[in-house]
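Overview (structure and organization)
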Amino acid sequence: MIAPESLERAVELLRHGGVVALPTETVYGLSANAEDELAVRRVFAIKGRPATHPLIVHIPGVEHLNTWAREVPEAARKLAEAFWPGPLTLVLPRTARATDAVTGGQDTVALRVPNHPVALAVLQKLGGGLAAPSANRFGKVSPTTAEHVREDLGGDVDLVLDGGPCTVGVESTIVDLSSDEPAILRPGGLAAEDVERVLGRKVPVRTSSKVRVSGSLESHYAPRAGVVLTEPGQAVARVQELRGQGLRVGVLGPASLALPPDVPRFDVPDEPAGAARVLYARLREADAQGHEVLVACLPAESGLGIAVRDRLSRAAAPRG
């Protein structure tokens, strides 16, 4: 657990325009006081993030919802009661408290309550909201340990709070409730089936929307290595094809996947939640070993497998 003096230092930094990397259950966040526009703009600068790309505001609890959202429909309250704290972000019409710097100039704000004792302790001591995108350079692989943050951002961050490895491993599920038709704008650490169970209706996953949200660009979550997507049964053939082109190739896939012994492998658990938990760490390991191409096996399209497929698809997209 983080020492009390470290928590106090983090809060003081945040109150005075500082930027603090802190753990959540999903990934490590690069946090700034959401009501301090200069501090928020510093987050954009550190990440190299476009100013029109909105941030998620992390709040201490559901009781703060009405201070950030001017309309909170019953569906939002049901989801918040069921899954907060947790890997769920709600997009709602904003109040004046949510500035253009945070929302990217939109009339909506993305809100969530993180499920990590360190993040919650900082939020409760601060008493306000934290704008906290992932603590890495924009478009790259998200960090799931404090060491990942230090490797990516070095001395650009005022303080890194080490809360251990993230337990979910992929970003939150973003649900748009700013209109009468709920939609998932980013699959994440909360399965779509769970959202639908609470709302009692089908909730589509939209690959495009007028509402801009974090992690919605075609190319994102990308390692240095090129990523080639495949079904598990085709992995060996793809490796042979790419090796024939003289490339250094590794395979990211389920631990049960049969591969020739000379093929470098980056195993993830067979079940989707376990795969999500270690996905970003495995991508980073492949980069550290200098692989030029990573053949990534797609999981089943259900549960958290949807989020893993989403991240891999964006990692494999053409890069600008």
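Residues numbered from 1 in each chain as written. Predicted model: local features only at pLDDT ≥ 70, side-chain atom pairs only at ≥ 80, totals over all residues. Heavy atoms only, no water.

For clarity, the cut-off: UniProt positions are given in the numbering used here, feature names are shortened, and annotations may be inferred rather than shown by experiment.
The name that an unreviewed UniProt entry assigns to the chain is Threonylcarbamoyl-AMP synthase, with the source organism given as Myxococcus virescens. Of the chain, the UniProt comment under Catalytic activity (unreviewed entry) reads exactly: "L-threonine + hydrogencarbonate + ATP = L-threonylcarbamoyladenylate + diphosphate + H2O". Under Sequence similarities (unreviewed entry), UniProt gives the following word-for-word description of the chain: "Belongs to the SUA5 family."

Focus on the sheet that holds strand β3 (residues 56–58)
The condition is simple: Pairing between two strands requires that DSSP report at least two bridges joining them. Helix numbers and strand numbers start at the N terminus; a helix is a DSSP run of H or I with at least 4 residues, a strand a run of E with at least 2.
Spatially, β7-β1-β2-β6-β3-β5-β4-β8-β9 is the arrangement adopted by the nine strands of the open sheet, whose pairing is mixed. On the outer flanks of this sheet lie β7 (159–160) and β9 (183–186), each paired with one strand and no other. Bridge count for strand β2 (residues 29–33) against strand β6 (residues 130–131) is two bridges, and the pairing is antiparallel. Bridge pairing in β6 places Ala32 opposite Ala131.

Things to note about the packing of aromatic side chains
The condition that has to hold: Geometry of aromatic contacts follows a simple scheme: Phe, Tyr and Trp rings, the Trp one being its six-membered ring, pair when their centres are within 6.5 Å, and the pair is stacked under 30 degrees between planes, edge-to-face over 60, tilted otherwise. Here the term buried applies to any residue with accessible area under 20% of the maximum for its type, exposed to any over 50%, and partly exposed to those in between, with areas from a 1.4 Å probe on protein chains only.
One pass over the full model with this rule turns up one aromatic pair. Relative to Tyr280, the ring of Tyr221 lies with its centre 6.0 Å away and its plane at 20°, an arrangement referred to as stacked. Residue Tyr221 is found in the loop between α8 (192–199) and β10 (226–230), and its partner Tyr280 is found in helix α10 (residues 272–288); the two are separated by 59 residues along the sequence. The exposure classification of Tyr221 matches that of Tyr280, with both residues buried.

Some thoughts on the UniProt feature "binding site: ATP" (unreviewed entry) in the chain
How we decide: In this description, contact between two residues means that some pair of their heavy atoms is separated by no more than 4.5 Å.
Within the UniProt annotation, "binding site: ATP" (unreviewed entry) is assigned to Arg49, Thr108, Ser134, Arg186 and Tyr221. In summary, the annotated positions, distributed over 173 residues, remain apart in three dimensions as well, the widest C-alpha pair reaching 24.1 Å. Structurally, Thr108 is set in strand β5 (residues 108–112). Non-local contacts of Thr108, meaning those with residues more than four positions away in its chain, are made with Val91, Leu92, Pro93, Arg94, Thr103, Ser178 and Val211. In this structure, Ser134 sits in the loop between β6 and α7 (146–153). You can call Ser134 buried: its relative accessible area is 16%. Look past the residues within four positions of Ser134 in its chain and what remains in contact with it is Val27, Tyr28, Gly29, Leu30, Lys47, Ser142 and Pro143.

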